[in-house]
Amino acid sequence: MSDWLLIAGMAVLTFVPRYIPFGLAGKVTIPPLISQALSYVPIAVLTVIIVQTTLIRDREVVLTVQNHHLIAAIVAFFVSLMTKHQFLAIGLGLVSFLMMKWLSFG
Amino acid sequence: MPLSTRTFLLGARDTTPLIIAAAPFGLVYGALAINQGLSEALVMAMSIFVFAGASQFVTIALLASATAFPVILATVFIVNLRHMLYAASLMPQLAKVSAWLRIPMAFWLTDETFATVSNRVSRAKDDKHFTAYYLGSAIFMYSSWLFFSWLGMTLGQKIPDIKSWGLDVAMVIAFVTIVVPLLKNYADWACALTAGVSAILTYHWPHQTGLLFSSFIAIAVGVALGYKNNTVITAIKTKEKTKNV
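Residues numbered from 1 in each chain as written. Chains lettered and ligands numbered in written order. Predicted model: local features only at pLDDT ≥ 70, side-chain atom pairs only at ≥ 80, totals over all residues. Heavy atoms only, no water.

## Some remarks on the overall build of chain B
Quick reminder of the rule: Strands are runs of DSSP state E lasting at least 2 residues, helices are runs of H or I lasting at least 4, and numbering of each runs from the N terminus. The cut-offs for exposure are 20% and 50% of the maximum accessible area for each residue type, with area from a 1.4 Å probe on protein chains only; residues under the lower value are buried, those over the upper are exposed, and the others partly exposed. By definition in these notes, contact holds between two residues if any of their heavy atoms fall within 4.5 Å. Exposure was quantified through the Shrake-Rupley algorithm and a 1.4 Å probe, taking into account, for residues, occlusion by the shown protein chains and nothing else.
A count of helical and extended segments in chain B gives 13 helices and zero strands. By residue count, 53% of the 245 residues in chain B fall in the buried class. In chain B, 76% of the contacts between residues at least 6 apart in sequence involve partners at least 24 apart. Entry remark: accessible area of chain B is about 11200 Å², with carbon and sulfur atoms responsible for 70%.

## Some thoughts on the nonpolar core
Our working rule: In this description, a nonpolar core means a group of buried Ala, Val, Leu, Ile, Met, Phe, Trp, Tyr and Cys residues linked to one another through side-chain atoms lying within 4.5 Å.
Phe22 of chain A together with Leu90, Met105 and Tyr134 of chain B are the most contacted members of the largest nonpolar core, which has 99 residues in total. With ten residues, helix H10 (residues 169-179) of chain B is the single largest residue contributor to this core. Among residues more than four places away in sequence, those in contact with methionine 105 of chain B are Phe22 of chain A together with Leu94, Val97, Phe130, Thr131, Tyr134 and Leu135 of chain B.

## Points about the environment of leucine 94 of chain B
You can see leucine 94 of chain B is positioned in helix H6 (residues 91-94). Separated by 107 residues in sequence, leucine 94 of chain B and leucine 201 of chain B place their C-alpha atoms 36 Å apart. For leucine 94 of chain B, the residues in contact, after removing those within four places along its chain, are Phe22 and Ala25 of chain A together with Arg102, Met105 and Phe130 of chain B.

## A look at the packing of helix H2 (residues 40-50) of chain B against helix H9 (residues 130-156) of chain B
Residues and elements named next belong to chain B. Rules: Between the N-to-C directions of two axes lies an angle of 0 to 180 degrees, each axis being a line fitted to C-alpha atoms and, for a helix, fitted only over the stretch in contact. Here roughly perpendicular refers to angles of 65 to 115 degrees, roughly parallel to angles under 35, roughly antiparallel to angles over 145, and oblique to all remaining angles. Crossings are classed by handedness, with left-handed meaning an anticlockwise turn of the near helix from the far one by less than a right angle and right-handed meaning a clockwise turn. Classification convention: Asp, Glu, Lys, Arg as charged; Ala, Val, Leu, Ile, Met, Phe, Trp, Tyr, Cys, Pro as nonpolar; all other residues, Gly among them, as polar.
At a minimum axis distance of 9 Å, the contact between H2 and H9 shows a crossing angle of 160°. Our classification of the angle between H2 and H9 gives roughly antiparallel. Handedness of the crossing formed by H2 with H9: right-handed. Together, Glu40, Val43, Met44, Ser47 and Ile48 of H2 and Tyr142, Trp145, Leu146, Ser149, Trp150 and Met153 of H9 make up the contact between the two elements. Residue classes in the contact of H2 with H9 are distributed as eight nonpolar, two polar and one charged.

## A closer look at the interface of chain B and chain A
Our working definition: A simple way to read buried area is as the amount of 1.4 Å-probe accessible surface that goes missing from two parts once joined, with both sides added. Should a side-chain nitrogen of Lys or Arg be within 4 Å of a carboxyl oxygen of Asp or Glu, the pair is scored as a salt bridge.
Listed per partner, the contact involves 86 residues of chain B and 65 residues of chain A. Of the roughly 6700 Å² buried between chain B and chain A on both sides combined, carbon and sulfur atoms contribute 80%. The three residues of chain B that bury the most area against chain A are Met91, Ile173 and Tyr203 of chain B, which together make up 10% of that side's buried surface. Inspection of the region where chain B meets chain A yields zero salt bridges. Taken together, the residues of the side of chain B that touches chain A break down into 61 nonpolar, 20 polar and five charged.

## Looking at helix H12 (residues 209-225) of chain B
How we decide: The span you would expect from a helix comes to 1.5 Å times its residue count less one.
Spanning 17 residues, H12 of chain B covers 25 Å between terminal C-alpha atoms, matching the ideal 24 Å at 1.5 Å per step. Among the residues of H12 of chain B, Gly210, Leu211, Leu212, Ser214, Ser215, Ala218, Ile219, Gly222 and Val223 of chain B are the ones counted as buried.

## A word on the packing of helix H3 (residues 41-54) of chain A against H10 of chain B
The angle between the axes and the distance between the axes are what describe a pair of packed helices. Contact geometry of H3 of chain A with H10 of chain B gives a least axis separation of 9 Å together with a crossing angle of 145°. As H3 of chain A runs across H10 of chain B, the sense of the crossing is left-handed. When H3 of chain A is examined against H10 of chain B, the residues Pro42, Ile43, Leu46, Thr47, Ile49, Ile50, Thr53 and Thr54 of chain A are found in contact with a partner set consisting of Val172, Phe175, Val176, Ile178 and Val179 of chain B. For the contact of H3 of chain A with H10 of chain B, the class distribution of residues is ten nonpolar, three polar and no charged.

## Let's talk about the pattern of salt bridges
The final tally for this structure, using the stated rule, is one salt bridge over all chains. Linking arginine 13 of chain B and aspartate 14 of chain B is a salt bridge whose minimum nitrogen-to-oxygen distance equals 3.1 Å.

The following block contains the structure:
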């Protein structure tokens, strides 16, 4: 029973931050400086998530070829930068990850 | 506003690469959750009613370490604050959407749908098919998430060590391919660089407070350096506004 209460609480606390700005849209005008700031949200937030999940393995910064996540992210970064092709970048990133994993076991 | 079926399907299509990347995430969630001892109904209920990958993962991890429920809830809230930033940046597009439609749209706001939709917004500011595109992306993402959670739950009962396969790499790769096309000028690059450096310096902060701190610092750098471009854009926008009046 208390597990269901936890899920209910999670549902509310996940929904509310998503909804507040949507509910206010059209009723309040956003100052230009704020809307400028908001345009940087995707770059800022996603980069932090990328760096924290690639560079940090098991709560330590790992900058070696043993860090397969890092290698895959670097491959995806350059493929994306040079070709602008999302499918290709994701595919080659995954292939490089699997190859690294396979090589390290071989 | 008419809902264009074509635009709806386009939204779904444009989200496909991200959904493929999120699939392993759903699989791992389902597998972890069921191996954590949650009932099948609870595992699926979380995907159905919460629908937030990061929150669901954090919850499973915290349940594993027998964390008190209020702490779990506080963590979930903080992890989700980035969605508030996402939603705020879509406010201009939501202004014309009916009040009741905003409720499911808010519920379905995820990293994947935000990335796809904001990409379209950056190409075409005034988009009368915005709602159809958004719903196409969101509904496809939601149904995929439910399917892969279920599949992970089913497989997880047979393959308990699925979490050690490193499947989360797909999500990171997908995020990389979202961010790179957004890096158009030096202010964007500076924003990303700041985010990256600060992410390393703050990763040990509790409950993803480092994520929020780093994001705010990076946004501030972007705004400060992008200021010259911005004043020009704002001036053009103000001109357009006065024309319309």
